[in-house]
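Analysis of the macromolecular model
So the chains spell out like this:
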Amino acid sequence: MAYCPQSLRPFSLLLLLALSTLTPAPAEAASPAENAVSKMLDDLIRIRRIDASQLDRPHLVAEGTRLALMDPTLAAATRWLTSEMWRLQYAKAPISARPDPNATYRLPYAAKIPRIVAQAAGGPMSHQDAENHEAIDFAMPIGAPVLAARRGRVLQVGDGTPLRERPPVQQDAPNFVSVLHDDGTFALYLHLAPGIPVKPGDDVEIGAKLGEAGNTGSPSGPHLHFVVLRRLGASQVGSVPVRFVVPGAGIVTPRARAYLGSPPTPTMKLRISLDGRPVEEGKLTQIRAGKPGQLRVEAVATDGTSRDVTTDAHTEYASMTLWSVDVDGKGRISAQPARGFAVGGPDVDRSLGGVAIFYGDSGDRDVGLGKVELQLTP
Ligand SMILES: [Zn+2]
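The sections below set out a description of the structure shown in this document. Remember, predicted model here, so these are calculated numbers, not experimental data. (Residues numbered from 1 in each chain as written. Predicted model: local features only at pLDDT ≥ 70, side-chain atom pairs only at ≥ 80, totals over all residues.)

**Some details on the overall build of the protein chain**
Quick reminder of the rule: Helical segments are the DSSP runs of H or I of at least four residues, strand segments are the runs of E of at least two, and each set is numbered from the N terminus. Here exposure depends only on C-beta density: within 10 Å of a residue's C-beta, 20 or more other C-beta atoms make it buried, 12 or fewer make it exposed, and intermediate numbers make it partly exposed, the C-beta atoms being placed from the backbone. Whether two residues are in contact depends on their C-beta atoms, placed from the backbone: they are in contact if these lie within 7 Å.
Scanning the protein chain from terminus to terminus reveals four helices and 23 strands. Counting only residues that meet the buried cut, the protein chain has 42% of its 378 residues in that class. Relative to all contacts within the protein chain whose residues are 6 or more apart in sequence, the contacts with residues 24 or more apart total 68%.

Next comes the structure, spelled out in structure tokens:
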């Protein structure tokens, strides 16, 4: 299933249809193969935000057509055109960069709210090919700040695709930022919301805001596709394994379905219940899909006395899995397994949801922390 923008399978299908009617053409008119290749090129330019003035279009169409006529499955033409686009897109990154073996990354989001790994490296949905194998998909709500995981210089920006209300019929162009690192590798931050605050050439420090999470170019819902790449040749890239430094957890290689973050260390215990049933840390709490539930939060003092802080001004609720669970400021939860979008696949069970609860003192320092891990039942 196509999931990440690097996939060209939808176009191959289109081309197969176009070429199934292949017939000898008059010398002057464009052949069906040429038309198909030309259309493929237009789609690539649009989706990958290539500056068309950089292209030698007649050459690309001629060579693509030659390959399409030799190989009617179009695999060769697709591969060649795709790699030509990569070459243009990442021309400023050095070839044969040696990834720094000691490089570590911070999480590409504010770590206070843990995020679930929707798909890890080698994930079955779309992290199988060389370009995507080491990519990580973090399920992130639209609008959550996306932060530079490592310092570097902005290589490219794709911007302007609006957010979507529902999965698109046709893949749209992902908004993205790529950042070149000291060792010649570069990170790709993909599916962002429109309104990228950086531009090519900008130096960005680790933790700098690169944009906000979105759902552009993603048929499966809001998430951040994060991958570190290096150019292997003029027109080839490969992904590089990434390790994150997560305060409190050490150096982490993300695994599917794990929550990654550095929530504040609680100094006060929160006792949480959902519709009267106690919530146990580390255990799944059931909630009926479509039937709203009510959380109750009590702050337990060291002397054992407790106080209901469910609607306290210092209590903050955050959904960790926006695709499945909404929570308001009063602890009211509504859960839907696939509100318009599906995030993940075999790696992420859409019936899973999570809510983080922070309780702050009067100085707004988080003193209490709770996590509700939900399982949605029909
Ligand atoms: Zn991905």
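**Overview of the environment of Met140**
Assignment of secondary structure puts Met140 in the loop between β2 (136-138) and β3 (145-147). What makes Met140 buried here is the crowd of 27 C-beta atoms within 10 Å. Considering only alpha carbons, one finds Met140 and Glu212, 72 residues apart in sequence, at a separation of 9.4 Å.

**Looking at the environment of Glu63**
Residue placement: Glu63 occurs in helix α3 (residues 57-70). Judged by the 16 C-beta atoms lying within 10 Å of it, Glu63 is partly exposed.

**Observations concerning the nonpolar core**
The cut-off we apply is this: As used here, a nonpolar core is made of buried Ala, Val, Leu, Ile, Met, Phe, Trp, Tyr and Cys residues. They are joined through C-beta atoms within 7 Å.
Ranked by internal contacts, the top residues of the largest apolar core, which has 84 residues, are Phe138, Val177, Tyr189, Phe226, Val355 and Ile357. The element that contributes the greatest number of residues to this core is helix α2 (residues 32-48), accounting for seven residues.

**With respect to α2**
To keep it simple, the criterion reads: Here the expected length of a helix is defined as 1.5 Å per residue gap, with one fewer gap than residues. An arc is given here, and it is the one of the directions from the helix axis to the C-beta atoms.
The end-to-end C-alpha separation of α2 is 24 Å, in line with the 24 Å expected for 17 residues at 1.5 Å each. All buried positions along α2 are accounted for by Ala33, Ala36, Val37, Met40, Leu41, Leu44, Ile47 and Arg48. Along the axis of α2, the buried positions cluster into a sector of 140°, meaning they face one direction only. One or two steps after α2, the chain reaches Arg49, where phi turns positive at roughly 55°.

**A few points about α3**
Spanning 14 residues, α3 covers 20 Å between terminal C-alpha atoms, matching the ideal 20 Å at 1.5 Å per step. Of the residues making up α3, those classed as buried are Leu60, Val61, Gly64, Thr65 and Ala68. Across the axial projection of α3, the buried residues extend over an arc of 125°, all falling on one side. Along α3, exposed side chains directed more than 90 degrees from the buried face belong to Pro58, His59 and Met70.

**Some points on the pairing of strand β9 (residues 224-233)**
How we decide: At least two DSSP bridges between two strands are required for those strands to pair.
The element β9 is extensively covered by neighbouring structure, given that eight of its ten residues are classed as buried. Relative to β9, β2 runs antiparallel, the two sharing three bridges. Bridging across to β9, Ile136 finds its partner in Phe226. Pairing analysis gives five bridges linking strand β6 (residues 186-192) to β9, with the strands arranged antiparallel. Along β9, the bridge assignment pairs Leu188 with Val227. Once β9 ends, the chain turns through two residues before running back antiparallel as strand β10 (residues 236-240).

**Notes on the packing of α2 against α3**
The condition that has to hold: Angles shown run from 0 to 180 degrees and are taken between the N-to-C directions of axes, each axis being a line fitted to C-alpha atoms and, for helices, limited to the stretch in contact. Should an angle fall under 35 degrees it is taken as roughly parallel, and over 145 as roughly antiparallel, whereas 65 to 115 is taken as roughly perpendicular and any remaining angle as oblique. Note on convention: the crossing is left-handed when the near helix lies turned anticlockwise from the far helix by less than a right angle, right-handed when the turn is clockwise.
At a closest axis distance of 9 Å, the pairing of α2 and α3 adopts a crossing angle of 125°. Compared by their axis directions, α2 and α3 come out oblique. In the packing of α2 onto α3, the handedness of the crossing is right-handed. On the side of α2, the interface is formed by Ala33, Glu34, Ala36, Val37, Ser38 and Leu41, while α3 contributes Leu60, Val61, Gly64, Thr65, Ala68 and Leu69.

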